[in-house]
Amino acid sequence: MEPIRVLHNIVLMDAGGIETLVMNLYRHIDKEQILFDFLVHRPQEGYYEKEIREYGGKVYRTRPFNPLHMREYKKECMNILTSHPEYKVFHVHQELGLWTLDYAHQAGIPTRIAHAHNAKTVVNLKYFFFLYEKMFIKKHCTDMFMCSKPAGEWLFGKQAVQDGKVKYINNSIETEQIGRAHPVRSEERRVGKECRSR
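Report follows, based on the coordinates. Just so you know, these numbers come straight off a predicted model, no measurement behind them.

## Digging into the packing of helix α3 (residues 70-82) against helix α4 (residues 98-106)
Relative to each other, α3 and α4 sit at 45°, their axes nearing to 10 Å. Classified by the interaxial angle, the pair formed by α3 and α4 is oblique. α3 and α4 meet at a crossing whose hand is right-handed. Residues Met-70, Tyr-73, Lys-74, Cys-77, Met-78 and Leu-81 of α3 form the contact with α4, whose participating residues are Trp-99, Thr-100, Tyr-103, Ala-104 and Gln-106. Of the residues belonging to the contact of α3 with α4, the class tally is 8 nonpolar, 2 polar and 1 charged.

## Structural notes on the layout of surface pockets
The gaps left among the atoms become clear once a water-sized probe is rolled over them. Each pocket or cavity is described by its volume, and for the largest pocket that value is around 510 Å³. Lining the largest pocket we find 30 residues, and of these Val-11, Gln-94, Glu-95, Leu-96 and Gly-97 sit closest to its centre. Looking at the lining of the largest pocket, the elements with two or more residues in it are α1 (17-28), β5 (111-116), α5 (125-140) and α6 (149-156). Counting residues per element, the lining of the largest pocket draws most heavily on α5, which supplies 5 residues. Class assignment for the residues of the lining of the largest pocket results in 17 nonpolar, 7 polar and 6 charged.

## Quick word on α3
Between its first and last C-alpha, α3 extends 18 Å over 13 residues, near the 18 Å set by a 1.5 Å rise per residue. Buried residues of α3: Tyr-73, Cys-77, Met-78, Ile-80 and Leu-81, and no others. In an axial view of α3, the angular spread of the buried residues amounts to 160°, which keeps them on one side of the axis. Of the exposed residues in α3, those oriented more than 90 degrees away from the buried face are Arg-71 and Lys-75. Next to the buried residues of α3 lie β1 (4-9), β2 (34-40), β3 (59-61), β4 (89-92) and α4.

## Description of the sheet that holds strand β7 (residues 166-168)
The parallel open sheet is built from 7 strands, whose spatial order is β3-β2-β1-β4-β5-β6-β7. At either margin of the open sheet sits one strand with a lone partner, and together these are β3 and β7. Put simply, the sheet's adjacent strands are angled 25° from each other on average, direction ignored. Of the pairings in the sheet, the one linking β4 to β5 comprises 4 bridges and is parallel in character. Bridging from a neighbouring strand, Phe-90 pairs with Arg-112 of β5. α1 rests against β1 and β2 of the sheet, and its axis sits at about 155° to β2.

Quick notes on the rules
- Residues numbered from 1 in each chain as written.
- Predicted model: local features only at pLDDT ≥ 70, side-chain atom pairs only at ≥ 80, totals over all residues.
- Heavy atoms only, no water.
- Axes fitted to C-alpha atoms, helices over the stretch in contact; angles between N-to-C directions.
- Helix = DSSP H or I, 4+ residues; strand = E, 2+ residues; numbered from the N terminus.
- Parallel < 35°, antiparallel > 145°, perpendicular 65-115°, else oblique.
- Left-handed = near helix turned anticlockwise from the far one by under 90°.
- Contact = heavy atoms within 4.5 Å.
- Nonpolar A, V, L, I, M, F, W, Y, C, P; charged D, E, K, R; others polar.
- 1 Å grid on protein atoms, 1.4 Å probe; cavity = no way out; pocket = protein on both sides within 12 Å on 5 of 7 lines; lining within 4 Å.
- Points joined across faces, edges and corners; volume = space filled by probe spheres on them.
- Expected span 1.5 Å × (residues − 1).
- Buried < 20%, exposed > 50% of the residue type's maximum accessible area, 1.4 Å probe, protein only.
- Arc of directions from axis to C-beta.
- Pairing = 2+ DSSP bridges.

Encoded structure:
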């Protein structure tokens, strides 16, 4: 039986917080059951792409999101989504994910996840797109995830969170990595102990 392929939507698979969270999950899932593929919006190769391919994952590219080139952006996204009917799950992590959720909805992907990773506090040009996104994102997603209550309330609204409609997903970390002693830190601890003992 072929594994279920989940298409994740992230701007670029570089070593950022969201990307590392997804890769921590990818490293530990049963890849005979589930594989992660990625829809990204940058031309350059991301930090994690080599590892993704080693696991059997695929990376698809489109141009960056740009309000001045929405027709071309939609066409590239729709070409990918409609030419791959194997995708039954589309998981959006990126900011301004409303548009790709809409495209996935149009393409008939049955499970469409919007994942709130942070609460917007900086007011800039993008902020007004975020406000627009907040108004319509629930129309195009079937499932809502949040990494924290403030993130969920920001994107989906306080009522949705209070009603239990937003699933709380813990950010995953590889705890064994935290336990490893870094040589520089080990030396700092040794010196610190010596100083305290004097």
